[in-house]
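Secondary and tertiary structure notes
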Amino acid sequence: MSFSDWISQPVNWVFLGLALAVLAAGFRVVTSQNVVHAALFLVATLAGVAGLFVLLSAEFVAWVLVLVYIGAVVVLFLFGIMITRAPTGQDVGLDNRRARPVAAVVSLGLFGVLSWTSVRAFQDTAVAGVGERTPTDILGEALLGRFVFPFEVVGFVLLAALIGGITLARRDLTPKEEEERGAV
Amino acid sequence: MILPQFLILAAALFSLGVYGLLVRRNAVMVLLAVELMLAAVNINLVAFEAALRTSQAVGQVFAIFVITVAAAEVGIGLAIVLMIFRNRQSANVDEFDLMKW
């Protein structure tokens, strides 16, 4: 498929806009020298990814992404940032500057290999367009039918992570405090 | 829409995540870069599902599993970072050398 054929489809303009937004925001996530800005750019990146999911007729996954990531995970990150460093403004020591050239070479090489192989392997494979959709009941039946065991395991993982997180982040009592606790 | 356009976008996002992982010193920023890589993997899963059209939407189910495990990972990761910060007054990964010899 030539580029002029590809760009003549309006749905690809939407894709191009979303893709550029995702990449620009993602670039700012890894280069921003302000920790809070980096976390907020992650919101923009994930919102763009959710838009791509809608484009790929995966509405349910898109909203799960919005709820879980933008709603919960980013808030968790902001808490982590606020707890682990008081000055939230500009910070010159955020990057390991000596690692930058190596990291740029590694990531560009990885991008080259990955994109070259995927273009070679799936040249003109079409994907479902907008308008076609995945009914959510299919997902529900798959989750509680064929995938019920992984579903339960993932639930257990979440419970274990919850308990582990509480145990790790909880402050240990000093011997004196423990004594007082025991005396009550 | 063709499949490679999504795969290339996911590859670019994944590479950005790798760059952030290698360059960042602050542990919370490293976790942010990991989130970028997981988002790239999710794009791949959903794009392959849209191309293959399995009867049970397997790709989307796995994307949901990835999102769930990522949420657990962030919770535990931040708890560990918090713990180390409390003990060493620093969240820089190049200063975490207590298991090196």
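Here's what I pulled together on the structure shown here. Here the structure is a predicted model, which means the values were calculated and not measured.

What counts, and where the lines are drawn
Residues numbered from 1 in each chain as written. Chains lettered and ligands numbered in written order. Predicted model: local features only at pLDDT ≥ 70, side-chain atom pairs only at ≥ 80, totals over all residues. Heavy atoms only, no water. Phe/Tyr/Trp six-rings, centres within 6.5 Å; stacked < 30°, edge-to-face > 60°. Helix = DSSP H or I, 4+ residues; strand = E, 2+ residues; numbered from the N terminus. Buried < 20%, exposed > 50% of the residue type's maximum accessible area, 1.4 Å probe, protein only. Contact = heavy atoms within 4.5 Å. Core = buried A, V, L, I, M, F, W, Y, C linked by side-chain atoms within 4.5 Å. Domains from an automatic or database assignment. Axes fitted to C-alpha atoms, helices over the stretch in contact; angles between N-to-C directions. Parallel < 35°, antiparallel > 145°, perpendicular 65-115°, else oblique. Polar contact = N/O pair within 3.5 Å; in protein donor to acceptor, adjacent residues only side chain to side chain. 1 Å grid on protein atoms, 1.4 Å probe; cavity = no way out; pocket = protein on both sides within 12 Å on 5 of 7 lines; lining within 4 Å. Points joined across faces, edges and corners; volume = space filled by probe spheres on them. Nonpolar A, V, L, I, M, F, W, Y, C, P; charged D, E, K, R; others polar.

Scanning the entire structure with this criterion turns up four aromatic pairs over all chains. A centroid spacing of 5.2 Å and a plane angle of 65° characterise the contact between A:Phe122 and B:Phe48, whose relative ring orientation is edge-to-face. With A:Phe122 in the loop between helix 5 (100–121) and helix 6 (136–144) and B:Phe48 in helix 2 (residues 27–52), the pair connects residues from two separate chains. Classification of A:Phe122 by relative accessible area gives partly exposed; the value is 28%. Residue B:Phe48 is classed as partly exposed on the basis of its relative accessible area of 25%. An angle of 85° between the planes, with centres 5.9 Å apart, marks the rings of B:Phe62 and B:Phe65 as edge-to-face. Residue B:Phe62 and its partner B:Phe65 are located together in helix 3 (residues 58–88), separated by three residues, close to a single helical turn. With a relative accessible area of 8%, B:Phe65 lands in the buried category.

Looking at the secondary structure, you find A:Val49 in helix 3 (residues 35–55). Take A:Val49: its relative accessible area is 1%, and that puts it in the buried class. As a C-alpha pair, A:Val49 and A:Trp6 span 43 residues in sequence and 21 Å in three-dimensional space. Beyond its immediate chain neighbours, meaning those up to four positions away, A:Val49 contacts A:Val22, A:Leu65, B:Leu13, B:Ala39 and B:Ile43.

Right, let's talk about the nonpolar core for a bit. Core analysis: the largest hydrophobic core is formed by 70 residues, its most contacted members being A:Leu52, A:Phe53, A:Phe77 and B:Leu13. When residues of this core are traced back to their parent elements, those giving at least two are helix 2 (10–31), helix 3, helix 4 (59–84) and helix 6 of chain A together with helix 1 (3–23), helix 2 and helix 3 of chain B. Among the elements that take part in this core, helix 2 of chain B stands out by supplying 12 residues, more than any other. Looking at which domains feed residues into this core, each of domain 1 (1–91) and domain 2 (135–184) of chain A supplies at least three. If we ignore the near neighbours within four places in the chain, the residues touching A:Phe53 are A:Ala58, A:Val61, A:Ala62, A:Leu65, B:Asn42, B:Ile43 and B:Val46.

Attention now moves to the packing of helix 2 of chain A against helix 1 of chain B. Packed helices, taken two at a time, are described by the angle their axes make and the gap between the axes. Following both chains from N to C, one finds helix 2 of chain A and helix 1 of chain B inclined at 5°, their axes separated by 9 Å at the closest point. In terms of their interaxial angle, helix 2 of chain A and helix 1 of chain B are classed as roughly parallel. Facing A:Asn12, A:Phe15, A:Ala19, A:Val22, A:Leu23, A:Gly26, A:Phe27, A:Val30 and A:Thr31 of helix 2 of chain A, the residues of helix 1 of chain B in contact are B:Gln5, B:Phe6, B:Leu9, B:Ala12, B:Leu13, B:Leu16, B:Tyr19 and B:Gly20.

We now examine the side chain of A:Gln33. Tracing the sequence through the fold places A:Gln33 in the loop between helix 2 and helix 3. Within the structure, A:Gln33 has its side chain in polar contact with the backbone oxygen of A:Thr31 (distance 3.2 Å).

A water-sized probe rolled over the atoms picks out the places where empty space is left. Volume-wise, the largest pocket comes out at about 440 Å³. Surrounding the largest pocket, 21 residues form its lining, A:Leu76, A:Ala161, A:Gly165, B:Gly75 and B:Ile76 being those nearest its centre. No other element matches helix 4 of chain A, which puts eight residues into the lining of the largest pocket. For the lining of the largest pocket, the residue count by class is 17 nonpolar, four polar and no charged. Put simply, the second largest pocket is a space of about 200 Å³. Every residue lining the second largest pocket is listed: A:Phe27, A:Thr31, A:Ala104, A:Ser107, A:Leu108, A:Phe111, B:Ala12, B:Ser15, B:Leu16 and B:Tyr19. Elements that contribute at least two residues to the lining of the second largest pocket include exactly helix 2 and helix 5 of chain A together with helix 1 of chain B. In terms of residue class, the lining of the second largest pocket is made up of seven nonpolar, three polar and no charged.

Just geometry here; none of it tells us what the structure is for.
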